[in-house]
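Chains, contacts and geometry: an overview
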Amino acid sequence: MKVHHFSNWNPRLNLFFYVFGLMILTLVCGLAWRQLLLQGEWKEKEERQNHRRIIQPGPRGNIFDRHGRILVGNRPNFSAVVYLRELRNEFDKEYADLLNTRREEHYAAHPDETFRFDWEELIWESRQRVLQRYLDQINGILGTDEKISIRDLQRHYWSRLLMPFPLMSDLKPQQYAELIEQLPLGSPIDIYTDTARDYPYENVASHTLGYVVANPTALDESTIPGEELKTFHNKTEVGKNGVEYAFDETLQGVSGGEIWVVDRFQFQYDKPLVEIPAKPGKDVITSLDIDLQLAAEEVIGDKTGAAVAIEIKTGEVLVMASKPGYNLNDFSPFIRQEAWDKAMEEGALYNRASQGLYAPGSTFKMITAIAAMRHNDLDPTAVLECGSHYRVGNRLFPEHSRASFGEVDLRKALQKSSNVYFYQVGLATGIDNISAEAMRFGLHEPTGIEVPYEATRMIVPTKEWKKERDGRGWVPGDTANVSIGQGDLFVTPLQMAAYIASLARGETRTRVTIVHDPEGKPVDHGGEPIGLSDEQYAELIGGMEQAVSRQGTARFAMVDGIRIAGKTGTAQVKRPSGKITLAWFVGFAPVEDPQIAVAVVMEGLVPGDHYAGGKTAAPVAQAIFEAYFADRTMDDLLSMGR
Amino acid sequence: MEINLRWWILALCNLLLFWLQGMVGDATGALGLTLSVNALYVIMPAVCLSQGWGLVLMFLAGLSVDAGLPIGFGFHAVMFAVALTVLHAYQRSLQKAGLGQLIALTIGLNIIFQLVEAVLLAGPLSSYGEYWLRIGSDLVASTLATGLVGWWFLSLEHWLLTITGQEMAEPENV
Amino acid sequence: MALKRLSQLKPVAVLMAFLIAWWVLPVVLKRWVKTGFYEFQAPIFYLESQAEDLQSYWTLRGQSKREMIAAGRDLARENARQSVQLQEARNLAREVERLESILDLPSRPDYHYEVARVAQRDLSAWWQQITIRKGANYNIPVGAAVVYRGGVVGRVREVHAYTSTVELVSSSGFRMAATVLGEDRPVTYQGLINPPFSNPLGEVLNVPADIKHTGGQPLLLVSSPLGGIFPAGLTIGEIVSLAPGSDGFFQRGSVRLNPDLGSLREVAVVIPLYEEEEARTDGD
């Protein structure tokens with residue numbers, strides 16, 4: 001061919017152009033088919049491929065305190081994962097390499113023996129090695145030293161093959177960011193996101209708020225189509241304790257889901273056919289006031305005890321503290337073994353506020369007084385002679401602190417917490433009246449608060465109860481003991497707070513709740529009027545107010561400018577290790593228009609702990625009162641008095 | 001097989017095209033357009049060179065394109081080599097072809113190159129509408145550019161071969 | 001006859017021979033060939049870029065004295081302004097240092113900025129990259145952040161003798177940790193595509209559900225220092241839409257990037273000071 005032919009048209013090439021044009025047309029049509037007629041293609045895929053349904057739980061709702069501060073929320077939970085389907089070739093290659101290495105090692109050591117191997121073991125080992133290599137990449141970036149467990153890998157392979165395999169879970173934000181930027185592009189390691197419960201106040205109100213645990217079967221799938229399809233569930237969380245448990249249904253989100261097409265190896269193929277977003281659960285506004293809760297827990301510190309504060313008018317629980325507690329973030333997104341072991345060892349899982357049964361000690365004395373006054377067995381202004389002991393039958397019952405208070409009326413008896421006075425009052429009115437009065441205040445039954453696992457085995461002893469339990473009759477010494485809140489009497493701090501709230505309102509019952517009603521609708525507490533004359537009631541409350549004075553036993557509960565009525569108690573309890581002391585304080589404020597009732601118990605752990613209601617429990621109450629009244633202006637206080 | 005002047009001329013032309021393509025890409029990149037005229041690397045070598053020397057030139061051109069790109073090294077080299085082999089089978093007919101026919105062929109081959117790249121390099125982008133919009137606009141712009149640049153470039157190659165006294169046909173095939 | 005048929009297969013055999021030879025070539029050799037090819041062409045666009053600079057130089061030479069005097073005066077003003085700002089920045093840095101020592105805070109990462117001219121851009125549908133005129137000769141490390149006055153440019157992907165290839169933030173597959181301006185929770189930014197005649201696009205993943213995109217105020221996506229590569233607060237782009245994901249907790253959205261990315265002339269490579277130290281030590 002010569003150069004001058006360049007401007008010719010060669011008809012022999014026409015066929016070539018036709019074929020060429022046809023090829024281009026086919027390619028363009030193919031692309032158009034793929035892009036424009038996806039619906040049709042999906043249908044076709046549906047016919048020839050298998051579908052898998054993935055259920056994704058909706059995030060749980062948040063939990064707030066009464067002022068809208070978040071107590072429990074959700075935080076992103078990032079994990080570094082790999083999809084095992086993407087590593088199949090690497091698994092196969094590693095298996096072959098490992099087999100060769102083992103064979104060579106065997107023949108080098110034992111040239112005459114036939115090489116035998118457990119192929120299943122070798123398969124798992126090769127898979128583990130591949131995954132460990134990827135985990136080592138992560139270890140290199142983050143400076144960690146994590147290892148792949150064959151057991152976890154097997155469990156995942158058998159039950160969750162379609163889901164990503166977690167190489168490292170619960171990455172901190174910095175670790176997440178480092179991996180995002182420093183993992184090589186095209187790495188099969190992916191960052192998988194879900195949510196975990198977040199507790200910004202960590203170990204504060206841990207028992208009341210509660211924690212969640214993973215539960216793969218609790219997901220509601222009804223909103224996701226394809227019930228007939230094979231379904232995989234992402235991990236969901238259910239409340240295990242506290243508010244998380246009590247309001248689990250409310251907090252649970254609405255599940256979302258995806259339907260995937262999978263290939264014959266059960267691995268995902270293409271984008272999801274159906275994608276339904278999950279919806280978050282509803283929020284719960286608790287009655288807790290986190291400032292008060294923090295104040296109470298700070299003063300309790302490392303000691304063991306519980307504190308409850310109740311809003312008197314509504315019965316809403318403002319504080320429900322139990323110590324020792326646990327850091328709720330150690331229980332999320334999974335319960336860390338060391339945290340669990342520590343909590344078990346310290347008895348921190350036990351909610352002392354609603355589950356702890358304690359002898360109420362002298363805080364019970366108001367019940368004895370009320371019973372006696374209602375049955376005309378006590379004139380509150382009458383003076384009784386109170387020595388250092390009181391003889392009941394052949395037994396001498398001592399005054400506390402080996403004191404002798406002389407002439408004592410009800411006010412002084414409450415101010416000084418005279419045991420001898422209440423022995424006489426109790427014996428005068430009798431155990432039947434005292435027990436009935438205690439039951440009228442509901443001390444024999446749970447309060448019915450929504451927080452789960454409230455104690456049910458509280459005891460208000462009666463003659464029948466003793467006969468049934470011991471087979472023996474009631475003796476006056478038993479009455480003397482019960483009169484001062486000792487003996488077989490056992491109540492919870494929550495009950496005591498409810499009883500004080502009722503007393504402050506001049507009623508017998510308080511309907512306690514952990515849910516805040518922002519509208520503050522009037523509450524029917526379900527009790528009855530206390531049944532005392534105004535004078536009798538005034539003497540009783542006056543005695544309690546004197547107890548929280550400079551001369552009273554509860555002087556450490558005093559708050560400047562606030563009239564507080566209270567009562568301390570110090571009870572002795574027999575434990576296997578010896579006699580331990582329980583220190584109590586109950587009270588309410590302000591006296592002129594009661595707003596808040598408080599009950600505190602501090603538990604001596606060993607016989608040597610010198611706990612007393614006035615010194616150990618009253619400061620906790622003082623902190624609660626101070627926090628409660630701190631943000632109330634003088635106007636508020638004045639309006640309360642009106 | 002000895003290196004002939006024809007090979008050197010086409011290699012230098014390809015180098016020139018590579019440089020120009022880089023410059024044009026530099027300018028059009030900001031507009032969200034890529035003008036690809038890769039088929040021009042292949043056409044004249046397929047018409048004028050023996051298959052062996054043609055493949056050497058295709059590998060050189062392809063590897064030059066691949067060297068600075070984040071793709072498998074050799075991707076374009078293989079693509080060009082396959083295209084050259086297919087075209088080489090029609091070498092006798094192509095040698096008799098006019099400029100218009102060669103430009104039409106270049107445009108067709110360029111579209112095929114772009115579609116192959118669009119499918120093989122898409123990855124997760126294939127699910128985005130913007131990707132196919134970009135591919136479509138690149139395709140249209142490149143087709144126009146191939147027509148215009150092809151007319152000039154093929155004429156240049158033809159002229160250089162003419163003034164250096166080279167015929168378009170090899171004396172013998174390797 | 002059979003021989004003739006066999007000879008028709010010769011072209012395919014030759015092609016196969018080439019392909020097999022390429023396929024069996026050791027990876028090390030391929031890498032070496034790649035570097036060779038790159039370093040061979042690098043001077044082309046290096047010179048081209050230099051020529052461009054020369055061109056703009058001669059364009060400026062053509063300007064009148066009056067224009068030059070005006071430009072010189074503007075420059076002097078700008079210099080004075082910058083000097084004041086520099087002094088302020090130095091004072092602030094000293095104050096920060098003082099506060100850090102009082103509060104016993106760990107010192108913040110410090111960076112050295114290596115300014116480099118852009119030699120070439122390659123902005124296709126599949127990759128978006130630029131070549132800068134500084135490489136191993138200036139101790140540019142692979143993976144270093146690259147920024148410009150408008151924010152994030154990308155990261156150094158390859159370092160050659162006298163040039164480096166920078167993958168742009170708009171490139172598909174580019175990934176970095178980011179935060180929404182005013183937030184401290186890290187999110188993932190990914191490059192996506194540069195549609196024709198439009199701003200380049202990226203996408204943002206794992207955006208907490210409580211971050212809302214309101215019509216009025218645009219959400220700005222900025223770099224996060226948590227990843228250890230980028231300094232804090234450099235603009236990546238503007239979040240134009242957010243949609244909830246199937247988990248109901250995170251959102252994903254699209255990010256509109258600055259169109260200037262396609263016409264950059266000068267960028268700065270951000271080199272952490274410790275890396276520079278290491279490079280020097282290695283050099284010793």
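The notes below deal with the structure included here. None of these values were measured; they are calculated from a predicted model.

Quick word on the overall build of chain B
From N to C terminus, chain B includes 7 helices and 0 strands. The order of helices and strands in chain B, counted from the N terminus, is α-α-α-α-α-α-α. The globule rule puts the C-alpha radius of gyration for 174 residues at 16 Å, and the 16 Å found for chain B is close to it. On the principal axes, the C-alpha backbone points of chain B span a range of 50 × 30 × 25 Å. In chain B, which comprises 174 residues, the proportion classed as buried is 64%. In chain B, once contacts between residues fewer than 6 apart in sequence are set aside, the share between residues at least 24 apart is 76%. Accessible surface computed for chain B: about 6,100 Å², of which carbon and sulfur atoms make up 73%.

Comments concerning the sheet that holds strand E18 (residues 565-575) of chain A
All names here are of chain A. With respect to topology, 5 strands assemble into an open sheet ordered E13-E12-E20-E19-E18, the strand pairing being antiparallel. Each edge of the open sheet is held by one strand with a lone partner, namely strand E13 (317-323) and E18. With strand direction ignored, the average angle separating the axes of adjacent strands in the sheet is 10°. Summarising the sheet, strand E12 (residues 305-311) and E13 pair through 6 bridges and their orientation is antiparallel. Each bridged residue has a counterpart across the sheet, and for Ala306 the counterpart in E13 is Ser322. Across the sheet, helix H19 (residues 493-505) touches E12, E13, strand E19 (578-589) and strand E20 (596-603), and the angle it forms with E12 is around 30°. Sitting on the sheet, helix H20 (residues 534-547) touches E18 and E19, and the angle it makes with E18 is about 75°.

Considering empty space enclosed by the protein
The final tally for this structure, using the stated rule, is 3 cavities of 30 Å³ or more. Quantified by volume, the largest cavity comes out at close to 520 Å³. Lining of the largest cavity is provided by 33 residues; of these, B:Gln21, B:Gly22, B:Val65, B:Leu69 and C:Asp122 occupy positions nearest its centre. Among the secondary structure elements, those contributing two or more residues to the lining of the largest cavity are helix H1 (5-28) and helix H3 (51-67) of chain B together with helix H3 (27-61), strand E1 (111-123) and strand E2 (128-132) of chain C. The element contributing the most residues to the lining of the largest cavity is H1(B), with 6 residues. Along the lines of polarity and charge, the residues of the lining of the largest cavity split into 13 nonpolar, 16 polar and 4 charged. For the lining of the largest cavity, the domains that each give at least three residues are domain 1 (7-61) and domain 2 (111-284) of chain C.

Let's talk about helix H5 (residues 150-159) of chain A
Residue and element names in this part refer to chain A. Turning to H5, its buried residues are Leu153, Gln154, His156 and Tyr157. The arc that holds the buried residues of H5, viewed along the axis, is 165°, so those residues lie on one side. Exposed residues pointing more than 90 degrees away from the buried face of H5 are listed as Arg151 and Trp158. Where H5 is buried, its residues touch helix H3 (88-109), helix H4 (119-142) and strand E4 (165-171).

What counts and what doesn't
Residues numbered from 1 in each chain as written. Chains lettered and ligands numbered in written order. Predicted model: local features only at pLDDT ≥ 70, side-chain atom pairs only at ≥ 80, totals over all residues. Heavy atoms only, no water. Helix = DSSP H or I, 4+ residues; strand = E, 2+ residues; numbered from the N terminus. Rg over C-alpha atoms; globule rule 2.2 N^0.38 Å. Buried < 20%, exposed > 50% of the residue type's maximum accessible area, 1.4 Å probe, protein only. Contact = heavy atoms within 4.5 Å. Areas by Shrake-Rupley, 256 points an atom, 1.4 Å probe, with all protein chains shown as cover. Pairing = 2+ DSSP bridges. Axes fitted to C-alpha atoms, helices over the stretch in contact; angles between N-to-C directions. 1 Å grid on protein atoms, 1.4 Å probe; cavity = no way out; pocket = protein on both sides within 12 Å on 5 of 7 lines; lining within 4 Å. Points joined across faces, edges and corners; volume = space filled by probe spheres on them. Nonpolar A, V, L, I, M, F, W, Y, C, P; charged D, E, K, R; others polar. Domains from an automatic or database assignment. Arc of directions from axis to C-beta.

These results come straight from atomic positions and should not be treated as a statement about function.
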